[in-house]
Amino acid sequence: MGPGKELLTLGLLYMAGICFSCQLGFNKIGSKCFDVNECEYITESCGNNAECFNTNGSYYCQCKHGFKNHKETVNFTAANGQCLDDNECLDSVNICGLGGNCSNRIGSYECICQFGYTNRANNSREPCIDINECNEAERNGEDLCGAGGTCKNIAGSYRCRCPKGYTNYGNNRTRCSKLACDSFNADSGPAPSLGGLADILVMMRNSCLALSNPSPSGEVKADGEALLEKLFTATVAILTPGHLDSSEDVSELLGTVENAIMLIGPQLKHNRTKIDTTETVDAEIAVQRGQTRPTGQIHLTNENAALDTDWTTAAGTGSYPGFAMAALLSYKNLEISVNQSFEELIGRENDTAVPSSLHVTSKVVSVVVSNPSTQNLSSPIKFTLRHLQDRKESPEVKYICAYWSERGTWSTDGCYHQCSNATHTVCTSEHLSSFAVLMALYPMKHTFGLKLVSMIGLIISLLCLILCILTFKFCRSIQGTRTTIHLHLCICLFLADLVFLAGISQTTPKGGCRFVAALLHYFFLGVFTWMLLEGVQLYRMVVLVFNATIRPLYLFLTGYGTPLAILIISGIIRPQGYGTDEHCWLSLEHGLIWSFFGPVCLIIIINVFFFIVTVWRLAQKFTSLNPDFSKLHKIKAFTVTAIAQMCILGLMWVFGAFMFEEGPVAVVYIFTILNSLQGALVFIMHCLLSKQVREEYAHFLSCICTPQKKRYSDFSSTNPSSSQSQGSRSGQHTGESQI
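Note that the structure is predicted; figures quoted are calculated from it, not measured. (Residues numbered from 1 in each chain as written. Predicted model: local features only at pLDDT ≥ 70, side-chain atom pairs only at ≥ 80, totals over all residues. Heavy atoms only, no water.)

**Details of the overall build of the protein chain**
A count of helical and extended segments in the protein chain gives 19 helices and 27 strands. The buried share of the protein chain, reckoned over its 739 residues, is 44%. Once local pairs closer than 6 in sequence are excluded, the contacts in the protein chain between residues at least 24 apart make up 62%. With an accessible surface of roughly 39100 Å², the protein chain has 59% of that area assigned to carbon and sulfur atoms. (Helix = DSSP H or I, 4+ residues; strand = E, 2+ residues; numbered from the N terminus. Buried < 20%, exposed > 50% of the residue type's maximum accessible area, 1.4 Å probe, protein only. Contact = heavy atoms within 4.5 Å. Areas by Shrake-Rupley, 256 points an atom, 1.4 Å probe, with all protein chains shown as cover.)

Next comes the structure, spelled out in structure tokens:
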């Protein structure tokens, strides 16, 4: 077949296919072609954001509401279009009205209405329209503007117009409150010495009258910050010259400032306002505004005080004016003027303080709230005041929380002390006023009993020490190194007790008190130093049998030189530590007391070591082959008395450490008794318990009591053998004393 015939055949076959098949968009069923519904069989023909419409042999797409074809055509297919989100907020600038903000959503938008507006028909896609708060309040029986106030609706809000004598403090949405401008009447006559107070009254009265006489438009221009600054500037002018002359002046000032804060607080623009005049007043004011009473805690603080309360207490339970306020004022130099007028505190139950023992120990603070019923608060307020001076806790010191009453005196009614430490006191109060912390100095209990015990005991001790000194000085049979040590120990103890009796409580003048403290420091250290030398002597008697004596020069250098060296070093390092406000003794602060307790502890430790070695060596010698029992018993007696003496002195100063730290009364009594009877105990141990001393006492008394004639007769009739016997006995005593 030729090429022409082949082409003809192919053309005929093609024409036959067209004639016997269906077009695009149709489907052949049998010999017929039917339309294909692309919207049904092709699920992604238009996408999720469009609607599909079927046509004969085809289809088209249209975007849903909130979407549009990115090619700007209404009808399209998947091949030539796609639906994207339509940002209605950009397309229509004022779609939500003047009081609404448009927020685009995927496929839609939302109108968010500003305060004072609402969506039409409560549909978030409808424009925002103004709320007529005045009409709604009238329908609901609410009083938006308070007594005498007139409500006027404005776009997005409302305004309260107050009649004469009332004000909303320049806040349109605040209820009208009645003003008491007469409380700032300068004609009531403040004290002439407080001319600055009259200026404050005039200033505040003018401000009050301006608030109570609004302009014809009803607008009030209030500048609370400027008025507050003027108030404290005028307060500085009153307090800077010096303290106020009378309690009436103080009451006038406190009352005027509190009334002024009540007027100024609602005019402040900010919720928190702090002001510090550097010289006279610190203030922090908190204000909350709204249609409903605020809730939550309030914490106001400044350098000298802190206030903790809640908004329920500040607002009160009466008529709510549309705002609540709380203020904390701290006067920096008013405590000098109010350090008096304690009459109402004297004679309180369980109170033994006298007026001179009471003084103000904190800054004076005032607490002001908008609650008109401040005399019986729903819950107590808590405030913390810083002490003017840090002071350690003591049984003699009691802190009292007090308020300045209308009578111009300090009172504690409804004001309670919670806790105190060295720097702060926490108080609570059931009412509001001006507060401060008072410090009452109570005399130590049982003072008369302590003085009586101390005086009687010390007199007995001094008499016994005189007897000891005379005995150790003039009793020849006991002369030796140990007696020399006892003599000077008694001299130091005698002088220490004498100074203690005469000067321990003489805290004035300061220089004299320091001198007494230095003498006590020196002589009590001397007592312990000589006690150390006694321990050394006992050690040498047992260990160094043939060299037990100590040269007097070495004894004096050690017994008097060591305490003097310690005293000089302590005085150079910390001279102010000698003498305190309560006793003429070493101060417990800054560690000066260890210049006494340190050497004492060291001496006791060394003596304990010497006594242990002595007792051990004595035990060895008692068990030896040929013990000298007479000598060993004598050394044993010396050791026992030395140990007893160390225990008495050491135990006394154990209690003394607690006594000067203001410990319990029982400890004070124990120290006083031990300190008072030291001389008596030394006399008993070293004199009355010594057989040699008793014999000397008996001989001395017999010489005094025997008549002169009989004594001469006895002396002349004495035979040589008896004289020789007495001489040998005296020599024996002298030899024993050299040990």
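There's plenty left to go through after this.
**Description of the pairing of strand β19 (residues 323–331)**
Burial analysis of β19 places nine of its nine residues in the buried class, which makes it a mostly covered element. Residues Phe323, Met325, Ala327, Leu329 and Tyr331 point to one face of β19 and Ala324, Ala326, Leu328 and Ser330 to the other, with burial holding for every one of them. By the bridge criterion, nine bridges tie strand β16 (residues 281–289) to β19 in an arrangement that is antiparallel. Note that in β19 the partner of aspartate 282 across the bridge is serine 330. Bridging between β19 and strand β21 (residues 364–369) involves six bridges; their strand directions are antiparallel. Note on β21: the bridge partner recorded for alanine 326 is valine 369. (Pairing = 2+ DSSP bridges.)

**Details of the pattern of salt bridges**
Within the structure shown, the criterion is met by nine salt bridges. Of the charged contacts, one joins lysine 269 and glutamate 225 as a salt bridge, the two residues approaching to 3.8 Å between their closest N and O atoms. Within this pair, whereas lysine 269 is found in the loop between α7 (247–264) and β15 (272–276), its partner glutamate 225 is found in helix α6 (residues 224–239), the two being separated by 44 residues in sequence. For the salt bridge of lysine 363 with glutamate 335, the shortest nitrogen-to-oxygen distance reads 3.1 Å. (Salt bridge = Lys/Arg side-chain N within 4 Å of Asp/Glu carboxyl O.)

**Notes on the packing of α6 against α7**
Two numbers describe how α6 lies on α7: the axes approach to 10 Å, and their chain directions differ by 170°. Classified by the interaxial angle, the pair formed by α6 and α7 is roughly antiparallel. Counting all contacts with α6, which are made through Gly224, Leu227, Leu228, Leu231, Phe232, Thr235, Ile238 and Leu239, the residues of α7 involved are Leu253, Val257, Ala260, Ile261 and Ile264. For the contact of α6 with α7, the class distribution of residues is eleven nonpolar, two polar and no charged. (Axes fitted to C-alpha atoms, helices over the stretch in contact; angles between N-to-C directions. Parallel < 35°, antiparallel > 145°, perpendicular 65-115°, else oblique. Nonpolar A, V, L, I, M, F, W, Y, C, P; charged D, E, K, R; others polar.)

**Quick look at the packing of helix α10 (residues 481–503) against helix α12 (residues 552–573)**
Between α10 and α12, the least distance of the axes is 11 Å, while the angle of their chain directions is 25°. One way to sum up the angle between α10 and α12 is to call them roughly parallel. Viewed along their axes, α10 and α12 form a crossing whose handedness is right-handed. Between α10, through Thr481, Thr484, Ile485, His488, Ile491 and Cys492, and α12, the contact on the second element is made entirely by Leu555, Phe556 and Tyr560. Grouping the amino acids of the contact of α10 with α12 by side-chain chemistry returns six nonpolar, three polar and no charged. (Left-handed = near helix turned anticlockwise from the far one by under 90°.)

**Digging into the sheet that holds strand β18 (residues 305–310)**
Reading across from one edge, β17-β18-β22-β26-β25 is the order of the five strands in this open sheet, with antiparallel pairing throughout. Each end of this open sheet is capped by a strand with a single partner; those strands are β17 (297–301) and β25 (415–420). Between one strand axis and the next, the sheet turns by 20° as a mean value, whatever way the strands run. Summarising the sheet, strand β22 (residues 381–386) and strand β26 (residues 424–429) pair through six bridges and their orientation is antiparallel. Across the sheet, the residue bridging to leucine 385 is threonine 425, located in β26.

**Looking at the layout of surface pockets**
In this structure, the largest pocket encloses a volume near 1200 Å³. Lining the largest pocket we find 40 residues, and of these Glu258, Asn259, Met262, Pro372 and Thr374 sit closest to its centre. Among the elements of the structure, β14 (177–178), α7, β19, β21 and β23 (397–404) are those that each provide at least two residues to the lining of the largest pocket. Residue contributions to the lining of the largest pocket peak at eight residues, all from α7. (1 Å grid on protein atoms, 1.4 Å probe; cavity = no way out; pocket = protein on both sides within 12 Å on 5 of 7 lines; lining within 4 Å. Points joined across faces, edges and corners; volume = space filled by probe spheres on them.)

**Looking at the state of the cysteines**
Applying the stated criterion across every chain yields a total of 13 disulfides. The disulfide that involves cysteine 46 links it to cysteine 61, with 1.7 Å between the sulfurs. Across the disulfide from cysteine 46 to cysteine 61, rotation about the S-S bond amounts to roughly -80°, and the bridge is consequently left-handed. A residue pair is termed long-range when its members are at least 10 positions apart, and cysteine 46 in the loop between α2 (38–41) and β3 (50–55) and cysteine 61 in strand β4 (residues 58–63) qualify at 15 residues. Exposure class is identical for cysteine 46 and cysteine 61. Each is buried. Cysteine 96 shares a disulfide with cysteine 111; S-S distance 1.9 Å. Every disulfide takes its handedness from the sign of the S-S torsion; for cysteine 96 and cysteine 111 that torsion is -85°, giving left-handed. One end of the pair, cysteine 96, is in the loop between α3 (88–91) and β7 (100–105); the other, cysteine 111, is in strand β8 (residues 108–113), and 15 residues separate them in sequence. (Disulfide = S-S within 2.5 Å.)

**Notes on the side chain of histidine 521**
Note that histidine 521 resides in helix α11 (residues 510–543). A residue is classified by how much of its surface remains accessible, and histidine 521, at 0% relative accessible area, is buried. At a separation of 3.3 Å, a polar atom in the side chain of histidine 521 contacts the main-chain carbonyl oxygen of serine 595. Leaving out residues up to four positions away in the same chain, histidine 521 has contacts with Ile566, Leu567, Ser570, Tyr578, Trp585, Leu586, Ser595 and Phe596. (Polar contact = N/O pair within 3.5 Å; in protein donor to acceptor, adjacent residues only side chain to side chain.)

**Side note on unusual backbone geometry**
Going from threonine 508 to proline 509, the amide bond is cis rather than trans, its omega being -5°. Mapped onto the secondary structure, proline 509 falls in the loop between α10 and α11. Despite not being glycine, glutamate 72 shows a phi value in the positive range, around 70°. Looking at glutamate 72, the relative accessible area reads 63%, which means it is exposed. One non-glycine residue, asparagine 122, lies in the positive phi region at around 55°. Along the chain, asparagine 122 turns up in the loop between β9 (117–119) and β10 (128–130). Looking at asparagine 122, the relative accessible area reads 72%, which means it is exposed.

**A look at the side chain of aspartate 282**
On the secondary structure map, aspartate 282 appears in strand β16. In this structure aspartate 282 comes out as buried when scored by relative accessible area, which is 5%. In terms of polar contacts, aspartate 282 uses its side chain to reach the side chain of lysine 332, at 3.5 Å. The residues touching aspartate 282, leaving out its near neighbours within four places in the chain, are Ile275, Asp276, Thr277, Asn302, Glu303, Asn304, Leu328, Leu329, Ser330 and Lys332.

**Side note on the nonpolar core**
Judged by nonpolar contacts, the single largest core of 54 residues is most densely connected at Leu520 and Phe596. Counting residues in each nonpolar core, the second largest holds 51 residues, with Tyr169, Leu358, Ala402 and Ala440 among its members. (Core = buried A, V, L, I, M, F, W, Y, C linked by side-chain atoms within 4.5 Å.)

**Structural notes on the confidence of the model for the protein chain**
Confidence along the protein chain averages 78 in pLDDT terms, with 77% of residues attaining 70 or more. Across residues 349–356, confidence stays below pLDDT 50; counting only partners more than four residues off in sequence or on other chains, it has nine contacts. Contacts from residues 709–739, a stretch scored under 50 in pLDDT, to residues over four places away or in other chains number 20 contacts. (pLDDT = per-residue confidence, 0-100.)

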